[in-house]
Amino acid sequence: MTQVRLDAPPALRRIPSVERLLAHAMGLSLAAEYGRSALTGAIRDDLARIRAGDAPAGDEAEILARCGEALAADRQPSLRPVFNLTGTVLHTNLGRALLPRSAARAVEAVMVQATNLEFDLATGNRGERDDHVERLICRLTGAEAAIVVNNNAAAVLLVLNALAMRKEVVVSRGELVEIGGSFRVPDVMVRAGCRLREVGTTNRTHLRDFAEAFGPATGLAMKVHPSNYAITGFTAQPDPDALHALCRERGVPLAEDLGSGSLIDLAAYGLPPEPTVTSALSRADVVTFSGDKLLGGVQCGIVAGRKDLLARIRKSPLKRALRVDKMTYAALEAVLRLYLHPERLRDELPTLRLLTRERADIAAQASRLAPAVAERLKGRAEVSVMDTMSQIGSGALPIETLPSAALVLTPIAEGRSRSAGGRCRRLAESLRGLPTPIIGRIKDDAILLDLRTLEDEQGFLDSLSVL
Ligand SMILES: *Cc1c(COP(=O)(O)O)cnc(C)c1O
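Quick notes on the rules
- Within each chain, residues carry numbers counting from 1 in the order of the written sequence.
- Per-residue local features are limited, in this predicted model, to residues with pLDDT of at least 70; the limit for side-chain atom pairs, both in listing and counting, is 80 or more; totals at the level of whole chains, interfaces and linings are taken over all residues.
- Derived side-chain values reflect all non-hydrogen atoms in the structure, with water molecules and hydrogen atoms excluded from consideration.
- Here a cavity means grid points, on a 1 Å grid over the protein atoms only, where a 1.4 Å probe fits yet cannot get out; a pocket means an open set of points with protein on both sides within 12 Å along at least five of seven lines; lining residues are those with an atom within 4 Å of a point.
- Grid points are joined across faces, edges and corners, and a volume is the space filled by probe spheres set on the points.
- We count a stretch as a helix when DSSP gives it H or I for four or more residues in a row; a strand needs E for two or more, and each element gets its number in order from the N terminus.
- Under the convention adopted here, Pro, Cys and the residues Ala, Val, Leu, Ile, Met, Phe, Trp and Tyr are nonpolar, Asp, Glu, Lys and Arg are charged, and Gly plus all remaining residues are polar.
- Domain boundaries shown here were taken from an automatic or database domain assignment.
- For two strands to count as paired, DSSP must find a minimum of two bridges between them.
- In this analysis, axes come from line fits to C-alpha atoms, helices being fitted only over the stretch in contact, and the angle between any two N-to-C directions falls in the range 0 to 180 degrees.
- In this analysis, two residues are considered to be in contact whenever any of their non-hydrogen atoms come within 4.5 Å of each other.
- A helix is expected to reach a length of 1.5 Å times the quantity of its residues less one.
- Only protein chains enter the calculation, and the probe is 1.4 Å; a residue is then buried if its accessible area is under 20% of its type maximum, exposed if over 50%, and partly exposed in between.
- Of all possible arcs, the one meant is that of the directions from the helix axis to the C-beta atoms.
- By convention a nonpolar core is built from buried Ala, Val, Leu, Ile, Met, Phe, Trp, Tyr and Cys residues, the set being connected through side-chain atoms within 4.5 Å.
- Patch definition: residues above 30% relative accessible area lacking any salt bridge, with like charges linked at up to 9 Å and the nonpolar side chains Val, Leu, Ile, Met, Phe, Trp and Tyr linked at up to 5 Å.
- What sets the accessible areas is the Shrake-Rupley method with a 1.4 Å probe; for residues, cover comes only from the shown protein chains.
- One speaks of a salt bridge when a side-chain nitrogen belonging to Lys or Arg is within 4 Å of a carboxyl oxygen belonging to Asp or Glu.
- Definition of a polar contact: a pair of N or O atoms within 3.5 Å, with one able to donate and the other able to accept a hydrogen when the atoms are protein atoms, and with sequence-neighbouring residues admitted only if both atoms are side-chain atoms.
- If a single non-hydrogen atom of a residue is within 4 Å of a molecule or strand, that residue counts as near it.

J.: Hey, could you run me through the layout of surface pockets in this one?
T.: Where empty space is left can be seen by rolling a probe of water-molecule size over the atoms. Within this model, the largest pocket holds a volume of roughly 1200 Å³. Pro81, Val82, Ala97, Leu98 and Leu99 are the residues nearest the centre of the largest pocket, which is lined by 31 residues in total. Secondary structure elements with two or more residues in the lining of the largest pocket: strand E1 (83-84), helix H6 (101-111) and helix H17 (350-355). Looking at side-chain class alone, the lining of the largest pocket contains 17 nonpolar, 7 polar and 7 charged residues. Two domains each provide a minimum of three residues to the lining of the largest pocket, namely domain 2 (83-92 + 353-464) and domain 3 (101-345).

J.: Help me understand the sheet that holds strand E12 (residues 401-411) in this model?
T.: Backbone hydrogen bonds are what pair the strands of a sheet, in a parallel or an antiparallel way. Pairing is antiparallel in the open sheet, where 4 strands are placed in the order E11-E12-E15-E14. Only two strands of the sheet have a single partner each, and these edge strands are strand E11 (381-391) and strand E14 (441-443). Within the sheet, the average angular offset between the axes of one strand and its neighbour, ignoring direction, is 35°. Relative to E12, E11 runs antiparallel, the two being bridged by 11 bridges. Directly across from Glu382, in E12, lies its bridge partner Thr410. In the packing of helix H18 (residues 359-376) onto the sheet, the strands contacted are E11 and E12, and the crossing angle to E12 comes to about 10°.

J.: I would appreciate a short explanation of helix H4 (residues 36-51) in the present structure.
T.: In an α-helix there are 3.6 residues to a turn, and that puts residues three or four apart on one side. Spanning 16 residues, H4 covers 22 Å between terminal C-alpha atoms, matching the ideal 22 Å at 1.5 Å per step. Burial in H4 covers these residues: Leu39, Thr40, Ala42, Ile43, Asp46, Leu47 and Ile50. Burial along H4 is one-sided: seen end-on, the buried residues are contained in an arc of 165°. Exposed side chains of H4 directed beyond 90 degrees from the buried face belong to Ser37 and Arg44. Of the residues trailing H4, Gly53 is marked for its positive phi of about 80°.

J.: Looking at this model, I keep getting lost on the domain arrangement of the chain. Mind explaining?
T.: Bring the parts together and some accessible area is lost; that lost area is often taken as the interface size. Each domain of the chain was delimited in the assignment, giving domain 1 (10-75), domain 2 (83-92 + 353-464) and domain 3 (101-345). For domain 1 versus domain 2, the separation of C-alpha centres amounts to 39 Å.

J.: When you look at the sheet that holds strand E8 (residues 254-259) in this model, what are you seeing that I'm missing?
T.: Strands sit in the order E2-E10-E9-E8-E7-E3-E6 across an open sheet of 7 strands; the sheet is mixed. For this open sheet the edge positions go to strand E2 (145-149) and strand E6 (195-199), each flanked by a neighbour on one side alone. Across the sheet, the mean angle from the axis of one strand to that of its neighbour is 25°, orientation sign disregarded. Relative to strand E9 (residues 286-290), E8 is paired through 4 bridges, and the arrangement is parallel.

J.: I keep staring at the nonpolar core and nothing clicks. Help me out?
T.: Side chains of a nonpolar character, in soluble globular proteins, are inclined to be buried together. Counting residues in hydrophobic clusters, the biggest one holds 61 residues, and the most contacted among them are Phe289, Leu295, Leu332, Leu336 and Tyr339. A per-element tally of this core places helix H15 (residues 326-338) first, with 8 residues. Both domain 2 (83-92 + 353-464) and domain 3 (101-345) contribute no fewer than three residues apiece to this core. If near-sequence neighbours (up to four positions away) are discounted, Leu295 is found in contact with Gly261, Leu263, Phe289, Ser290, Ile302, Leu332, Val335, Leu336, Tyr339 and Leu349. Core analysis: the second largest hydrophobic core is formed by 31 residues, Ile147, Ala162, Met222 and Leu310 among them.

J.: So what exactly am I meant to see when it comes to empty space enclosed by the protein here?
T.: Per the counting criterion, the structure on display carries 3 cavities of 30 Å³ or more. In this structure, the largest cavity occupies an estimated 50 Å³ of space. Along the walls of the largest cavity sit Ser262, Ile264, Leu266, Leu294, Tyr339, Leu349, Thr351, Leu352 and Leu355, which together make up its complete lining. Across the lining of the largest cavity, the residue classes tally to 7 nonpolar, 2 polar and no charged. Roughly 40 Å³ of volume is contained in the second largest cavity.

J.: What am I meant to see in H15 here?
T.: Taking 1.5 Å per residue as the helical rise, H15 with its 13 residues ought to reach 18 Å, and the 19 Å between its terminal C-alpha atoms agrees with that figure. Taken together, the buried positions of H15 are occupied by Thr328, Tyr329, Ala330, Ala331, Leu332, Ala334, Val335, Leu336 and Leu338. Against the buried residues of H15 lie H6, helix H7 (131-141), E2, strand E10 (301-305), helix H14 (317-321) and helix H16 (342-348).

J.: Would you mind going over a nonpolar patch on the surface with me for this structure?
T.: A contiguous nonpolar surface patch, about 300 Å² in accessible area, is contributed by Met111, Val112 and Met327. Take Met327: it is sitting in helix H15. On the basis of relative accessibility, which here comes to 34%, the residue Met327 falls in the partly exposed class.

J.: Which parts of the structure should I look at to understand the side chain of His225?
T.: Considering the arrangement of structural elements, one finds His225 in the loop between strand E7 (218-224) and helix H11 (240-250). Classification of His225 as buried rests on a relative accessible area of 14%. Side-chain polar atoms of His225 contact the side chain of Glu274, separated by 3.2 Å. What His225 contacts, discounting residues up to four positions off in sequence, is Asp257, Leu258, Glu274 and Pro275.

J.: What is the right way to look at the pairing of E8 in this model?
T.: Residues in a regular strand point their side chains to alternate faces of the sheet. Counted residue by residue, E8 has 6 buried out of 6 residues, so it is predominantly covered. Covered by surrounding structure in E8 are Leu254, Glu256 and Leu258 together with Ala255, Asp257 and Gly259, the residues of both alternating faces. Where E7 and E8 come together, 4 bridges link them in parallel fashion. Paired with Ala221 across the strands is Leu254, a residue of E8.

J.: How should I be thinking about the site of the ligand in this particular structure?
T.: Near the ligand, the surroundings consist of Arg96, Asn151, Asn152, Ala153, Ile179, Phe183, His225, Ser227, Asp257, Gly259, Ser290 and Lys293. Here an oxygen atom of the ligand sits 2.9 Å away from a polar atom, N or O, in the side chain of Arg96. Ala153 places a polar main-chain atom, nitrogen or oxygen, 2.8 Å from an oxygen atom of the ligand. Residue composition of the shell around the ligand, grouped by class: 3 nonpolar, 6 polar and 3 charged.

Right under this line is the structure:
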């Protein structure tokens, strides 16, 4: 019950009670649509705002109209599709790789029914969840065994912990990287219970540095792919084959964190080369890589490599803690199956399709769409087309960019004075507020919409129509 003190200011004394509002005709119809408890909550919130002076009191209809808006806004899912026109194809903050339809269908199928996740249909005995993808991964990479965990950071943590807990892990000083702020190789080592043994210098590490560091305390040698930086100039890293031979001779397992790790030779598609998992497995015993970077699949981390080492890793209690859900296996299996048909891969795997689009094709799309976009932005922004560079993203090929084309939205000055930067931020905000938000990037007081990643043109134009 709302109690209004008699000495309260007159405006507060006029605030209607929750009961009155619920009994109001508008209240009844809102309750029918959103449920009585949700409406009661919205009314309480609104009344609290009125009492705090943050909303005008108004009459019952006004209060209920505000409640209706709040309830409608609340109904909008928090996680929803957006148009990623930032120019970064694998954008971590925007969910990285887009999955093919076949993967989405596979996920849906296992979501609503029981599955044979850990059940061997041939024998009726308990099965291993990794069985659903292990053979495919081995076939596509030449690995002897494979394990799937929550993401690549988890894969690295698991490998370190299972193979080198309380032991030393020998790493070149040139590879002690930080990826995306929260993944730092030295920190992961500590969490995995390993002691970091740094060798060499930032720019040069030699085979003898590894040889001298190896001893009874050594658990593992590790290589890390420099995902988001490059050391150039007077640099050296040991020859990979020589390092592998040294590790074998001294009985030290060698792990390589590939980060992105491609299953195919990207150079064959005209893209900058990136180490493949197969090539990494020829110079390391265990390789870790992401499922949602260049592989183009779902968030997960894959450990691939020598059977005896993976058997040790599989036994780690951490594996249980880092395991993935049936939805992940379903999506990953569907994506890996696409790799069995290399001829069709470019058409069917969205990541590869988007990465390999030619500038001319994207520029033609931009010119074609520009008039329709200008029409929808009339009075708000001028629209032009310009050449730009897209990035692969997610730490793949850090220095390489892909020639692309963008729509340039230049906000038009309004009556009220506002800086060009302010106008630009406001337009960006409006684009983010669309039913399917459009995310571009701001450059020189204009918004660039890189069209490399735009496939649903009609959806894009429909979304803009609401602006
Ligand atoms: C991206 C990356 C990781 C982390 O992978 P996630 O799948 O994001 O957990 C680890 N190591 C390297 C070298 C990377 O590039």
